[in-house]
Structures are given as structure tokens and as C-alpha cells.
Amino acid sequence: MEAKTGLFAGSNNSNELLVIQEHNEPKAVKNLDGQVCEICGDSVGLTVDGDLFVACEECGFPVCRPCYEYERREGTQVCPQCHTRYKRIKGSPRVEGDEDEEDVDDIEYEFKMEEEKYKLKHEENMNSRDHDGENPKSIGKVNGEQSLSSHGIGETCGAKLYNKEKTDEWKLQQGNLLIETDASVDPEKAMKDETRMPLSRKVAIPSGKLSPYRMMVAARLILLILFFQYRIFHPVPEAMGLWFISVSCEIWLAFSWIVDQIPKWFPIDRETYLDRLSIRFEPENKPNMLSPIDIFVTTADPIKEPPLVTANTILSILALDYPAHKISCYVSDDGASMLTFEALQETAEFARKWVPFCKQFSIEPRAPEKYFSDKIDFLKDKIQSTYVKERRTMKREYEEFKVRINALVAKSMRVPTEGWSMKDETPWPGNNPKDHPSMIQILLGHNGGDHEGNGLPCLVYISREKRPAFQHHTKAGALNALLRVSAVLSNAPFVLNLDCNHYANNSKVVREAMCFFMDIQLGNSIAFVQFPLRFDSLDKNDRYANKNTVLFDINLRCLDGIQGPVYIGSGCIFRRKALNGFDSPKASKRPRSVQVHSKQDENGEDASIIEATDEDKQLLQSNMNTENKFGKSTLFMNSSLTEEGGVDPSSSQEALLKEAIHVMSCSYEDRTLWGYEVGMSYGSIAADMLTSLKMHSRGWRSVYCMPKRTAFRGTAPINLTERLNQVLRWAVGSLEILFSSHCPLWYGFKEGKLKLLQRIAYINSTVYPFSALPLLIYCIIPAICLLTDKFITPSVGTFASLVFISLFISIFASAILELRWSGVSLEEWWRNQQFWVIGSISAHLFAIVQTLMGGFLGRFNAHFSIVSKAPDEDGEFHELYTIRWTVLLIPPTTVTVINLIGIVAGFTDAINSGEHSWGALIGKLFFSSWVIAHLYPFLKGLMGRQNRTPTLIVIWSVLLASIFSLVWVRIDPFVLKTKGPDVKQCGISC
């Protein structure tokens with residue numbers, strides 16, 4: 001027999017895989033420390049022959065059979081370490097691409113005939129041993145050969161059956177196999193195995209999709225070098241200024257592309273295992289050990305943020321598939337509106353009917369407006385006979401609820417001269433939204449709930465104190481007030497932040513996040529889990545790229561492969577400890593015990609764990625001045641230092657409410673670190689990005705979770721003016737971070753916890769508005785070339801033509817390959833490119849001007865209005881065609897008019913010059929038409945439904961374009977000049 005791969009030796013109780021190498025063909029095989037799978041952390045296990053399972057014969061990378069078979073069936077079919085294709089191992093099903101192997105023929109095993117044979121043989125061996133009265137273990141000690149022939153067979157058969165059962169169990173969890181019940185399987189042992197499995201795992205992008213993309217990016221980089229080598233060393237003598245400006249713009253745009261591309265090198269996906277989470281933390285006949293969570297909903301203007309939209313968001317939260325006594329929902333009303341307060345009261349009453357209905361019939365989604373408006377088969381998978389009747393009743397109840405809410409909205413339009421009064425004739429404290437005291441009311445308590453998750457979650461209305469002399473920091477300040485109030489009342493270790501127009505579309509979204517937070521191995525180092533946001537009520541073509549698909553489906557997935565995505569302002573679940581300004585704990589693969597997340601779960605814990613927690617508290621209190629950090633509130637400070645969450649049960653509700661009023665007063669943050677090291681960060685409009693930057697600099701990680709069913713959905717501005725204002729706000733916030741002490745170029749270097757690629761991603765997120773200047777110039781250059789009859793490059797040769805064409809092809813090829821691995825459609829990518837140009841030459845340009853004015857003029861506070869979040873009621877996208885005046889509309893309109901004038905001038909010049917000038921004209925017309933193609937959605941929106949454009953925009957744009965064109969005609973007109981004698985040499989009478 002010919003030896004091909006060498007000899008492997010090992011046993012069940014050994015801690016390593018011993019490799020006896022062949023002298024002629026030495027192979028280095030990785031040491032299997034502890035026989036633990038490097039993918040799932042489970043035992044590697046045995047083969048059907050009882051040997052130690054080795055998936056890859058080339059490098060011996062430790063992988064268990066379930067992960068090996070999953071990779072062969074669903075994954076890349078290659079070893080994660082040496083990238084060698086996995087060969088079929090005896091006992092594993094065949095997959096497409098397997099070679100025909102004569103020596104590995106186990107078709108009987110695939111049809112479960114081998115399993116029955118081993119069962120019978122095992123029973124016969126056991127019966128014969130019992131009859132003879134021999135001890136198999138003693139035989140193995142006396143005679144090695146007899147051990148292999150008797151005990152070895154029994155042990156091998158038992159191992160095979162155990163491994164087969166375990167494999168089938170794993171397949172059942174994945175939904176790939178339905179296992180028949182077997183009385184010989186020990187359910188307690190199977191349950192114990194489940195508790196050791198990871199709650200989530202990384203899923204690599206298939207190399208067949210990712211490798212071509214990386215190769216094309218590298219090729220594009222080489223072509224860029226060749227392109228700039230030609231452009232820099234081949235100037236245009238007759239148009240040096242035009243050549244220099246164009247090369248400068250090209251260098252900046254190439255640099256911005258490289259900075260944007262570097263963090264995209266390691267995209268990943270993730271999978272969660274909700275069944276394992278339930279088995280581990282929701283045992284039968286025992287208290288539920290899932291961690292509590294506080295949910296924050298922020299609203300400020302009931303006109304732009306309709307109460308019905310907010311009510312649907314809250315109802316979807318209250319109906320989450322999570323234990324009701326573990327959820328506390330806090331609604332912050334920064335506008336102190338009585339309309340919002342009364343609408344929440346109606347919502348709380350309707351929730352008593354809606355939440356039981358959702359949980360009884362397991363409906364999705366659990367926002368009633370979306371549920372009743374979707375044209376779906378609502379009878380699918382609903383086998384209860386009472387469902388149809390209950391649904392009709394609930395729909396009628398919801399229609400009555402909408403009538404009551406709309407009546408409140410109509411009533412709020414007529415403001416009394418003396419101000420609003422509540423039902424008991426008490427004046428509403430928030431009649432002046434800029435000067436009012438703190439308000440808080442518990443609309444729903446936990447009294448009706450039980451430990452099985454029934455009942456209703458807690459619902460609390462708050463409105464923080466507002467005084468004219470204080471800075472309130474808009475949304476970031478409201479979230480910090482919610483953070484303090486929730487710490488006093490419930491103090492859950494995790495918090496979810498949602499805008500009022502983002503409802504929970506997936507009722508298991510909290511469980512998805514807990515698969516990361518409550519993982520024993522990696523959960524303690526995760527600061528937050530960010531979910532993608534999807535949007536309803538958008539036009540079919542998504543004219544203004546409101547979906548932000550490139551951000552959610554490409555950029556954030558790439559950041560997840562480094563240190564984690566950035567916080568995007570909503571749809572994010574935080575660890576309270578990270579928000580309280582603590583550093584990330586040192587990573588430890590095997591912690592001594594499972595972390596306790598709730599006060600009520602501490603009864604069964606070991607005393608040494610509680611003592612260690614007390615020591616940590618004393619250490620924290622001795623190393624920091626907690627009063628200067630958290631403020632003068634003993635109750636809040638104690639809650640902040642309690643990592644496992646929960647409040648003191650001895651405190652009365654009156655004392656807790658009094659303390660809650662105190663911690664949301666506008667003077668509480670004075671002389672504290674709130675907004676700087678604790679809570680949401682102040683100092684920038686983009687407080688979300690600044691907050692995540694600080695967390696990552698402290699060593700925390702973040703996770704991007706994309707469940708199959710979208711986690712959150714909401715509304716987005718479809719009006720052109722509001723969309724540009726939104727982009728302007730983001731750009732100003734990014735530039736504020738760039739010019740602050742938190743600039744990612746140097747922030748956090750001393751600690752060294754921010755990874756290099758993550759730092760580059762933050763740099764790209766702050767410098768991107770500066771691309772507006774070269775992009776604006778480059779959009780005008782085609783018109784200048786047409787007006788002056790000049791071009792930015794000299795006559796190109798064959799090699800230069802090949803470089804230009806290859807670079808142009810590589811740009812499209814890299815984009816297409818990026819879309820291939822990300823799943824983004826070509827239309828969505830093109831819409832994103834179009835609005836990148838539109839936003840850059842309008843919103844980003846004004847963001848630069850506004851930021852520089854703020855830097856030179858000292859205090860320059862820009863006012864940004866709240867974007868309208870009202871859904872499109874008439875269903876005909878009325879807002880899409882509405883044009884509102886803003887100065888942001890002038891630059892794109894001017895660029896369009898200039899290019900149109902240039903095209904007309906170019907055609908006129910070509911007609912006057914003859915046929916020889918048409919060749920040069922084609923190249924110039926191509927670039928000018930390319931600019932207009934990018935601005936097409938803007939032009940379509942500018943025309944409106946009736947093709948009407950505001951007169952002021954037309955006047956300003958035409959005026960600027962005319963002045964610009966006349967200046968260029970005066971300087972260097974394209975009309976042919978009459979050539980005559982040189983009057984300087986021979987005089988006027990020559």
C-alpha cells in the first residue's frame with residue numbers, strides 16, 4: 001500500500017494531535033490544542049472509524065464535522081487556513097465537484113444502512129461481554145491486541161453513533177434535517193451540548209466573489225499610477241491653467257477613492273442562533289435569564305413628526321417578542337407638546353389590546369399601520385380558527401384609535417390664548433416649549449406582567465427641563481437625559497435608541513442583538529450592535545437615493561470586518577457600560593463564569609462572583625471622582641456602577657420619580673463630564689459618529705447585524721429640498737469633528753486602541769465634504785473646454801489611449817464586482833452616484849463655507865430644522881414634486897445651465913470651423929453630457945409635476961451662467977480671429 005499523507009495519531013482524551021511525518025514528504029500540520037473547532041469552539045470529534053476527525057489533510061486546521069459539512073454544502077468548500085479544497089471524508093455526503101474515489105465508497109452509510117449494522121454489532125458485542133463476565137477495560141490493559149478487537153470496536157461504534165446524532169442535531173438547528181425521535185438519545189446531554197455552542201458566527205464573503213473584486217481594485221490602482229504618470233509629465237502648453245487645475249482635482253479625487261477603498265478590504269456577514277439563545281437563557285420551569293433592555297424613542301415636533309407615526313413605533317416596541325417585564329420604553333418629548341402626551345395616553349390604552357393580539361397570533365410586522373396596509377396573505381401559517389374574527393375586531397379597534405388621534409391633531413391646530421389645560425383644568429406645564437419644568441409620567445407599569453413574558457412592558461413619558469439660559473444640545477442632550485432617567489427607574493444593562501419614525505419590523509430584533517451581547521466569549525467587548533435601516537413610502541425609482549443602500553449594504557459590512565460599524569443615529573442597541581464612559585474590558589476567551597444581567601437572577605450565583613463584583617465597584621470608586629463624572633446624584637451613581645443592571649428594590653416609586661426629575665434638570669450636567677466622556681457626545685451635529693469614535697478609541701468593538709427579516713423600517717424625506725438639508729447637516733457635522741480636538745487623524749493615538757483601518761474609515765467619514773471643490777470644478781471644466789476650444793490633455797498616442805480606456809473600464813468593472821459580492825443592484829448604485837454628485841456640488845459645498853465661517857467668525861450657530869417624517873398620505877408622492885426655495889438649489893442649476901450653453905457653443909463652433917473640428921468636439925461633448933446625466937434626477941425634481949421651477953432659482957442660475965460665459969468669451973472667444981500683420985514690427989501703415 002502506498003502512503004500519501006503520512007500517519008496521524010491521537011486519542012479521545014489527548015489534548016493534541018500527534019503527527020508522525022513521512023521522511024520523504026514532510027508536512028507541517030497544525031497542533032490541535034484541546035481538539036477544539038476554530039470556527040464554532042466545539043470539540044473536533046471523531047470519524048466514522050473512531051479516529052480523530054481531520055478535515056484538511058494539508059494543514060490539519062481543526063474543524064469539527066458539522067462545520068466541515070456546512071462549509072462543503074453552503075460555504076466556499078475550502079480550508080480557512082490553507083485554502084485547499086476539502087476532500088470528501090468517509091461518512092460525509094457528496095457535493096458537487098467531488099472527485100470519484102474508489103476507496104471511499106460508503107453509499108450504505110448515506111442510506112442509513114451502515115448505522116443499523118453498527119447498532120446490531122454493538123448490541124451483540126455488549127451482550128457477549130455481559131454473558132462471559134469480562135471487563136473490556138481490563139482486557140485493554142492486559143492485551144493490546146484484544147483491546148483493539150473487542151473494546152476498540154465497541155468504543156468506535158459508540159463514537160460513531162454519538163457523532164452521527166450530534167451532526168443530525170446540528171442540521172436540525174440549521175433547518176436542513178428533520179430528525180426522528182429516538183428513545184436512546186439523552187435530552188439532557190443534548191441540551192448541555194447546546195449551551196456550549198456559540199450564539200453567533202462570522203460568515204466570510206465567498207472568495208469566488210471577493211477575490212476578483214480585490215484583483216480589479218489592485219489593477220485600477222496600477223492604472224491610476226500610469227494615468228497620473230502621463231498626465232503630470234504631459235502638460236498642455238496652450239492651456240496650462242486648465243491643465244494644472246484639472247490634474248489637481250484628479251489627484252484629490254483619486255486620493256479620496258483610495259481612502260474610501262482601504263476599509264472595504266475585509267467585508268463579512270454574520271449569523272445568529274436564536275434557538276441556542278432561548279435554550280441557554282430561557283430554561284423551562286426556571287426564571288428567565290435574558291437581559292433587560294431600555295428603549296429610547298425621541299420626538300420633538302408633533303407637526304413634522306406626526307403622533308400616529310410615533311404611536312406605531314411605540315406599539316411595535318411594546319409588542320416585541322421578548323419578556324414584557326424585561327422591556328421599559330421611554331419616550332422623550334423635546335417639544336413639551338400636550339398633543340404628544342395625550343396621543344401617548346391613547347397609545348397606552350390601545351396597547352392593552354394590540355400587544356396580546358400580536359403575541360397570540362405571532363404576526364409580523366407589529367406596527368398596526370403597516371400590518372393592516374400591507375397587501376399580503378394574512379391567513380398564511382395562521383391555523384387558529386379565531387384568527388380571522390380577532391383580526392377584523394382589531395382592525396376596527398385600530399381605525400377607531402386613528403380617529404381619536406386625528407381628532408387630537410385637529411384640536412391642537414386651534415391654540416387657546418391662555419394656553420393648553422389638562423382634563424382637570426390644570427395648566428399644561430409645557431405651554432412654553434423653550435421654558436418649562438421637567439415632566440414625567442409612567443403610562444404603563446410592569447404590574448400586569450409575569451416572569452413568562454406575558455403582560456405589557458413599561459411605558460414612560462418624559463420631557464426634560466428647558467430654560468433659555470442653558471444649552472440643551474438637541475437630540476444628544478435628550479438621549480443623555482433618557483440615559484439618566486432610565487438608570488434611576490429601571491437601569492437595564494442595554495439600551496435601544498430609535499427615532500420616532502423607525503418602527504420595529506422584526507419582533508425578534510432584541511434577541512438578535514442579545515446573541516452578540518450575551519455570548520460568553522466575545523460579548524463583554526461589544527459596545528453596540530447596529531442594524532441597517534430600511535424605508536417605506538419611497539418612490540419606485542428612489543430618485544434621491546434615500547435608501548442609502550451603498551452605506552448599509554457595503555460600507556458598514558466592510559467596517560464590521562475591522563473594528564465594527566459606526567453608530568448611525570437610530571436602530572442601535574448599546575451596552576450601558578460603554579455609554580457611561582468605561583473602557584472595554586480586556587479580552588478573555590474563557591471567562592470564569594457567565595455574567596449575571598439581572599438582579600432577580602443573582603440568587604443562584606456563587607458567592608465568589610458577587611464578591612469579585614463588589615471589589616470591582618470599590619476599585620472603580622477609588623480610581624475616579626464619580627461625582628464630577630456622573631453628577632450629584634447618589635442613586636444614579638450607584639446605578640451607573642452596577643454592571644448587571646437593576647435598581648434598589650428598597651427605594652419607593654415616589655423617591656425614584658423625584659430622583660428622575662432631578663437628573664433631567666437642565667443644570668444637572670454643569671461641571672460634569674456628560675457629553676464629553678459620559679453619554680452621547682456633544683460638540684458636533686454628527687453626535688452619533690463622534691460617540692462611536694470615542695467608544696472605538698476606548699477599545700470597544702461594534703457589530704453589524706443584518707437579519708433576514710429587516711429589523712427596522714421607517715420614513716425618509718422624499719422632497720428634494722429636505723433631502724439636501726439632511727445631507728448638509730451630515731456634512732457640517734463631519735467637518736465639525738475634523739476641525740475639533742477629536743479629529744480622527746490624531747485622536748486616540750496615545751491609547752492605541754483604535755485600529756489603523758478603522759482610523760482611516762473615520763478619516764474618510766470626516767474629509768469627504770472637501771471632494772465638493774474638485775468635483776464642482778470638474779463639472780464646469782467640460783463647459784470651459786467647449787467655450788474656449790481647448791482641452792485638458794494634449795493629443796494622446798496609442799499607449800495613452802490604452803491607459804485611458806483601461807482605466808475607464810476598470811472603474812466600471814470594480815463597481816460591478818463590488819455589486820456582485822454585496823448584492824446591491826446596479827440601479828441603486830447608479831442612483832447613489834448621481835446623488836453623490838448632486839449633494840457634493842450643493843450641500844457639501846455650503847457645508848465647507850458654513851464651517852469655515854464658523855471658524856473665522858467665532859460663534860456661528862447654524863439652525864437646522866427637523867426633517868419632515870410624515871408619510872405620504874395621498875399615495876401619489878405629492879412631496880416628491882414639491883419645490884421649496886433654498887440656496888442649495890443654485891449651484892447644481894448653474895452647473896447645468898453652463899454645460900448646456902457650452903454644448904450649444906461647441907456645436908456652433910464646429911459648424912463654423914468645418915469637418916476637421918468634429919473629432920475633438922465628440923470627446924468634449926461626452927464629458928459634458930456625462931455631467932448632465934449625473935444631474936438628471938436634480939433637473940427632474942426641479943421641474944416638479946407641472947414642470948414649474950421657482951422663478952428666483954431660474955433668474956439666479958441664468959444670471960450666473962451668463963456672467964460666467966461672457967467672461968470666458970471675452971478672455972478667449974471661440975470665434976475665429978482675422979489674422980493680419982504684426983503692427984509692432986512695421987507700424988499701422990505697413
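Residues numbered from 1 in each chain as written. Predicted model: local features only at pLDDT ≥ 70, side-chain atom pairs only at ≥ 80, totals over all residues. Heavy atoms only, no water.

For the record, the criterion: UniProt positions are given in the numbering used here, feature names are shortened, and annotations may be inferred rather than shown by experiment.
Looking at an unreviewed UniProt entry, the protein carries the name Cellulose synthase, with the source organism given as Cicer arietinum. Recorded in UniProt under Subcellular location (unreviewed entry), the annotation for the protein is "Cell membrane". In its Pathway (unreviewed entry) section, the UniProt entry covering the protein states "Glycan metabolism; plant cellulose biosynthesis."

1. So, the overall build of the protein
Put simply, the test is: Secondary structure elements are defined from DSSP: runs of H or I of at least 4 residues count as helices, runs of E of at least 2 residues count as strands, and each element is numbered from the N terminus. Only heavy atoms enter the contact rule, under which two residues are in contact if any of them lie within 4.5 Å. Surface accessibility follows the Shrake-Rupley procedure with a 1.4 Å probe radius. Residue values consider only the protein chains on display as shielding.
Check the secondary structure of the protein and you find 33 helices and 15 strands. Long-range contacts, defined as pairs at least 24 residues apart, comprise 77% of the intrachain contacts of the protein with a sequence gap of at least 6. Accessible surface, the protein as shown: approximately 49,300 Å² in total, 57% of it carbon and sulfur.

2. Focus on the UniProt feature "transmembrane region" (unreviewed entry) in the protein
UniProt annotation of "transmembrane region" (unreviewed entry) refers to residues 767-787, 799-817, 837-860, 881-906, 918-939 and 951-971 when read in the numbering used here. With 81% helix and 0% strand, residues 767-787 has end C-alpha atoms that lie 33 Å from one another. Helix makes up 100% of residues 799-817 and strand 0%, with an end-to-end C-alpha separation of 26 Å.

3. Quick look at helix H26 (residues 772-788)
Condition: What a helix should span is 1.5 Å times the count of its residues minus one. To get the bend at a residue, fit one axis to the 7 residues ending there and another to the 7 starting there, then take the angle between the axes. Residue burial is assigned from relative accessible area. The probe radius is 1.4 Å, only protein chains are included, and a residue is buried under 20% of its type maximum, exposed over 50%, and partly exposed in between.
In this model H26 runs 24 Å from its N-terminal to its C-terminal C-alpha over 17 residues, within 8% of the 24 Å that 1.5 Å per residue would give. Along H26, the helix axis deviates most sharply at Ile781, where the bend reaches about 30°; the proline Pro782 sits within four residues downstream. Here H26 lies mainly inside the structure; 14 of its 17 residues are buried. Once H26 ends, the next one or two residues include Asp789, with phi positive near 60°.

4. Observations concerning the packing of helix H11 (residues 307-318) against helix H12 (residues 338-361)
If you want to describe how two helices pack, look at the angle between their axes and the distance between the axes. Threshold: The axes are straight lines fitted to the C-alpha atoms, using for helices just the contacting stretch, and the angles between their N-to-C directions are given from 0 to 180°. Note on angle classes: values under 35 degrees are labelled roughly parallel, values over 145 roughly antiparallel, values of 65 to 115 roughly perpendicular, and the remainder oblique. Each crossing gets its handedness from the near helix: less than a right angle anticlockwise from the far helix is left-handed, clockwise is right-handed. By the convention adopted, Pro, Cys, Tyr, Trp, Phe, Met, Ile, Leu, Val and Ala count as nonpolar, Lys, Arg, Asp and Glu as charged, and the other residues, Gly among them, as polar.
At a minimum axis distance of 9 Å, the contact between H11 and H12 shows a crossing angle of 40°. Here H11 lies oblique to H12, going by the angle between them. As for the relative orientation of H11 and H12, their crossing is right-handed in sense. Within the contact between the two elements, H11 uses Pro307, Ala311, Ile314, Leu315 and Leu318 and H12 uses Leu339, Ala343, Leu344, Thr347, Phe350, Ala351, Trp354 and Val355. Each residue belonging to the contact of H11 with H12 can be placed in one class, and the counts come to 12 nonpolar, 1 polar and no charged.

5. So, unusual backbone geometry
With an omega dihedral of -10°, the bond running from Glu364 to Pro365 counts as a cis peptide bond. Position of Pro365 relative to the elements: it lies in the loop between H12 and helix H13 (368-373). The backbone of Asn491 shows a phi angle near 55°, a positive value even though the residue is not glycine. Counting through the fold element by element, Asn491 comes out in the loop between helix H15 (474-489) and strand S9 (494-499). Judged by its relative accessible area of 1%, Asn491 is buried.

6. What about the pairing of strand S13 (residues 572-575)?
Side chains on a regular strand alternate between the two faces of the sheet. What counts here: Pairs of strands are assigned from DSSP output, requiring at least two bridges between the strands.
The alternating pattern of S13 places Cys572 and Phe574 on one face and Ile573 and Arg575 on the opposite face, and all of these are buried. As paired elements, S9 and S13 share 4 bridges and run antiparallel to each other. Following the sheet pairing, Val495 is matched in S13 by Phe574. Examined bridge by bridge, strand S11 (residues 526-530) and S13 share 3 bridges and lie antiparallel to one another. For Phe528, the partnering residue across the bridge sits in S13 and is Phe574.

7. Observations regarding the packing of aromatic side chains
Quick reminder of the rule: Between rings of Phe, Tyr and Trp, where Trp is taken as its six-membered ring, a pair exists when centres lie within 6.5 Å; planes separated by under 30 degrees are stacked, by over 60 edge-to-face, and by other angles tilted. Two conditions define a charge located above a ring, namely a distance within 6 Å from the ring centre to NZ of Lys or CZ of Arg, and an angle within 35 degrees of the ring normal.
Summed over the entire model, instances satisfying the criterion amount to 38 aromatic pairs. With 5.6 Å between their ring centres and 85° between their planes, Tyr230 and Phe804 make a pair best called edge-to-face. Remark: Phe804 occurs in helix H27 (residues 798-822) and Tyr230 occurs in helix H8 (residues 207-233); sequence separation between them is 574 residues. Tyr230 gets classed as buried once you look at its relative accessible area, which sits at 9%. Take Phe804: its relative accessible area is 23%, and that puts it in the partly exposed class. Ring plane angle 35° and centroid distance 6.0 Å describe the contact between Tyr398 and Phe401, whose orientation is recorded as tilted. Here Phe401 and Tyr398 lie together in helix H14 (residues 387-412), a separation of 3 residues that amounts to about one turn. Judged by its relative accessible area of 1%, Tyr398 falls in the buried class. Each residue in the set Phe350, Trp354, Phe357, Phe361, Tyr371, Phe372, Tyr387, Tyr398 and Phe401 is aromatic and connected to the rest through ring pairs, giving one cluster. Sitting over the ring of Trp674, Arg484 keeps its end group 4.8 Å from the ring centre.

8. Observations concerning the sheet that holds strand S10 (residues 502-504)
Strand order in this open sheet of 3 strands is S10-S15-S12, and the pairing throughout is mixed. Every interior strand has two partners, whereas the edge strands, S10 and strand S12 (533-536), have only one. The average angle at which neighbouring strand axes cross in this sheet is 35°, direction not considered.

9. Description of the packing of helix H9 (residues 240-261) against helix H25 (residues 756-767)
Where H9 contacts H25, the axes come no closer than 9 Å and their chain directions differ by 140°. In terms of their interaxial angle, H9 and H25 are classed as oblique. Seen from above, H9 lies across H25 with left-handed handedness. Counting all contacts with H9, which are made through Trp252, Ser256, Val259 and Asp260, the residues of H25 involved are Ile760, Asn764 and Val767. A breakdown of the residues in the contact of H9 with H25 according to their chemical character gives 4 nonpolar, 2 polar and 1 charged.

10. Some points on the environment of Lys326
Summarising the element assignment, Lys326 is placed in the loop between H11 and strand S6 (327-333). Given the relative accessible area of 2%, Lys326 is considered buried. When the C-alpha positions of Lys326 and Asp294 are compared, they lie 8.3 Å apart, and in sequence the two are 32 residues distant.

11. Looking at the nonpolar core
Quick note on the threshold: We define a nonpolar core as any set of buried Ala, Val, Leu, Ile, Met, Phe, Trp, Tyr and Cys residues linked to one another through side-chain atoms lying within 4.5 Å.
One finds Ile293 and Trp354 to be the most contacted residues of the largest nonpolar core, which totals 90 residues. Element by element, the count of residues in this core is highest for H12, at 13 residues. Apart from the residues lying within four places of it in its own chain, the contact partners of Ile293 are Tyr322, Lys326, Ile327, Ser328, Ala492, Phe494, Val495, Leu496, Val510, Met514 and Ile573. Val732, Cys785, Leu935 and Phe938 belong to the second-largest nonpolar core, a separate cluster that totals 42 residues.

12. Details of H14
Helix length check: H14, at 26 residues, gives a terminal C-alpha distance of 37 Å against a target of 38 Å (1.5 Å per residue), a fit within 8%. Tucked into the core, H14 has its buried residues touching H11, H12 and H13.

13. A short note on the pairing of S12
Alternating residues of S12 divide into Leu533 and Phe535 and Arg534 and Asp536, and every residue in both groups is buried. Summarising the sheet, S12 and strand S15 (residues 712-715) pair through 4 bridges and their orientation is parallel. Following the sheet pairing, Arg534 is matched in S15 by Arg713.

14. Remarks on a nonpolar patch on the surface
Heads up, the rule is: Here a patch means residues that are over 30% exposed by relative accessible area and free of salt bridges, tied together within 9 Å if like-charged and within 5 Å if nonpolar (Val, Leu, Ile, Met, Phe, Trp, Tyr). We count a salt bridge whenever a side-chain nitrogen from Lys or Arg sits within 4 Å of a carboxyl oxygen from Asp or Glu.
A cluster of nonpolar side chains, namely Phe808, Ile811, Phe812, Ile816, Leu826, Phe926, Phe927 and Trp930, defines an oily patch on the protein surface of about 720 Å² accessible area. Where the nonpolar patch is concerned, the elements lending two or more residues are H27 and helix H30 (918-934). Per element, the largest residue contribution to the nonpolar patch is 4 residues, and it comes from H27. Tracing the chain through its elements places Ile816 in helix H27. Overall, the relative accessible area of 52% leaves Ile816 in the exposed class.

15. Considerations on the pattern of salt bridges
Evaluation of the coordinates by the stated rule reveals 27 salt bridges. Between Glu271 and Arg201 there is a salt bridge whose closest N-O contact spans 3.4 Å. Residue Glu271 is found in strand S4 (residues 268-272), and its partner Arg201 is found in strand S3 (residues 200-204); the two are separated by 70 residues along the sequence. You can call Glu271 partly exposed: its relative accessible area is 23%.

16. What about the environment of Ile685?
Inspection of the secondary structure puts Ile685 in the loop between helix H22 (653-663) and helix H23 (687-697). For Ile685, a relative accessible area of 34% corresponds to the partly exposed category. On a C-alpha basis, the gap between Ile685 and His473 in space is 9.0 Å, while along the polypeptide they are 212 residues apart.

17. Points about the sheet that holds S13
Hydrogen bonds between backbone atoms are what pair the strands of a sheet, whose relative direction is either parallel or antiparallel. A sheet is described by the order of its strands in space; here 8 strands give the open sequence S7-S8-S6-S5-S9-S13-S11-S14, paired in mixed fashion. On the outer flanks of this sheet lie strand S7 (439-444) and strand S14 (701-704), each paired with one strand and no other. Neighbour-to-neighbour, the strand axes of the sheet open up by a mean angle of 20°, direction not taken into account. Alignment of S7 against strand S8 (residues 458-463), held across 5 bridges, turns out to be antiparallel.

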